[in-house]
Amino acid sequence: PLLDKIQERYKDKKIICVHQDWRIEDTKYIKIPTIRMLGEAINGCGTKLDGDNPLGMSKSLHEQNNQVQRQKLFLCGNRFRRFHRDELINFLRTNNLEKKGLVSILWEGKTLEDSCPNLELSENPMQTFYNNVFCEISTESMHQRLVGRGVGHFQSEKIWKPFIYKVIPMIISWPDTDWVLRKLNLDLFDDIIDTSFYQEDNLNNIFKIIKNNLITIENECVEDRRFKDSIWERLNKNYQKVMDYGNIKNYIRDFNK
């Protein structure tokens, strides 16, 4: 209603709304889901977007390589306790998957280092962790919209880390989280893993699909405890798209066509 009043007053203007809400809505106004948290994720990794003040960039703090023989199948970091994170940990344990990953459960006092204590950490420990896994099961802050709590399909910086650190992403979040990632032309490996979990609302269904995907990744993406070259090339392309300021400008411009 507020936008309607503004539009009525400025009939010759086009209204563009930028939201930290990724929900798709049928609206007469241009709504752009913001990717503000991408900047936070990149800065947190010690660098800046290509083309955005390139002076002083320090990409060495998160550059990955495919020479290391990786010790674990997946990474799953859990800092704050949430219902869906509890359910995921229970699922991993019930299916004997916890030991196959680097898993932190900070409300139990368990860190990523505890999952693999023989890792020699670099200046950026996250660089080491991601360079020893093939994929990430990323648990966003929430996985369902809470009725009566207003606008709510929000995403944090966590969603970007598998792309920055070059691993295969599997993100547990709102249903249809993937549409913004696809609009950025990011590769979600649909031809290899089952990405239907992005449309799922039921946690058990999500976990079952992800479990099968872990088996697929281990069998089809790994060779001699390294990524197959064809997979590594695709991970590199994802990284380049995330770091390319021009790609993000095109993403925003595309909503105004």
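Worth saying up front: this structure is predicted, and the values here are computed from it rather than measured.

Colleague: How do you make sense of the packing of aromatic side chains when you look at a structure like this?
Modeller: Given two aromatic rings, one states the distance between the centres and the angle between the planes to describe the pair. For the structure on display, the rule yields eight aromatic pairs. Here the aromatic rings of Tyr-251 and Phe-255 are separated by 5.2 Å at their centres, their planes lie at 85°, and the arrangement is edge-to-face. Taken as a pair, Tyr-251 and Phe-255 share a single burial class, namely buried. Within the aromatic cluster, the residues linked to one another by ring pairs are Phe-134, Phe-227 and Trp-232.

Colleague: I'm lost on a nonpolar patch on the surface in this one. Help?
Modeller: Together, Leu-2, Ile-6 and Tyr-10 give the surface a local cluster of nonpolar side chains, amounting to about 300 Å² of exposed area. With respect to the secondary-structure elements, Leu-2 resides in helix H1 (residues 2-9). Given the relative accessible area of 62%, Leu-2 is considered exposed.

Colleague: I'm lost on the pairing of strand E2 (residues 30-33) in this one. Help?
Modeller: Put simply, side chains in a regular strand alternate between the two faces of the sheet. A two-sided burial pattern is seen for E2, the buried positions comprising Ile-30 and Ile-32 on one face and Lys-31 and Pro-33 on the other. As defined by bridge partners, strand E1 (residues 16-19) adjoins E2 across four bridges and the pair is classed as parallel. By the bridge assignment for E2, Ile-16 is matched with Ile-30.

Colleague: What is the right way to read empty space enclosed by the protein from this model?
Modeller: With a probe scaled to a water molecule rolled over the atoms, the places where space remains empty come into view. For the coordinates displayed, the defined rule picks out one cavity of 30 Å³ or more. If you add up the space inside the largest cavity, you get close to 40 Å³. The set of elements that each furnish at least two residues to the lining of the largest cavity consists of helix H3 (83-94) and helix H8 (203-220). It is H8 that contributes the most residues to the lining of the largest cavity, four residues altogether. Residue classes in the lining of the largest cavity are distributed as eight nonpolar, no polar and one charged.

Cut-off values and rules
Residue numbers here run from 1 along each chain, matching the order of that chain's written sequence. Totals for whole chains, interfaces and linings use every residue, but because this is a predicted model, local features are given only for residues with pLDDT of at least 70 and side-chain atom pairs only at 80 or more, for both listing and counting. By convention in this description, side-chain values take in all heavy atoms of the structure and omit both hydrogens and water. Each pair of aromatic rings taken from Phe, Tyr and Trp, with Trp reduced to its six-membered ring, is defined by centres within 6.5 Å and is described as stacked if the planes are under 30 degrees apart, edge-to-face if over 60, and tilted in the remaining cases. Per-residue accessibility, obtained with a 1.4 Å probe over protein chains only, is compared with the maximum for each type, and a residue is labelled buried under 20%, exposed over 50%, and partly exposed between these values. Candidates for patches are residues over 30% relative accessible area with no salt bridge; among them, like charges are joined within 9 Å and nonpolar side chains (Val, Leu, Ile, Met, Phe, Trp, Tyr) within 5 Å. The Shrake-Rupley method, run with a 1.4 Å probe sphere, supplies the accessible areas, and residue values consider only the shown protein chains as cover. Put simply, a salt bridge is a Lys or Arg side-chain nitrogen that is within 4 Å of an Asp or Glu carboxyl oxygen. In DSSP terms, a helix is any run of H or I states spanning at least four residues, a strand is any run of E spanning at least two, and both are numbered starting from the N terminus. Whether two strands pair depends on DSSP finding at least two bridges between them. Definitions used for this entry: grid spacing 1 Å over protein atoms alone; cavity, a set of points where a 1.4 Å probe fits but cannot get out; pocket, an open set with protein on both sides within 12 Å along at least 5 of 7 lines; lining residue, one with an atom within 4 Å of a point. Grid points are joined across faces, edges and corners, and a volume is the space filled by probe spheres set on the points. Residue type decides the class: Asp, Glu, Lys and Arg count as charged, Ala, Val, Leu, Ile, Met, Phe, Trp, Tyr, Cys and Pro as nonpolar, and the leftover types, Gly among them, as polar.

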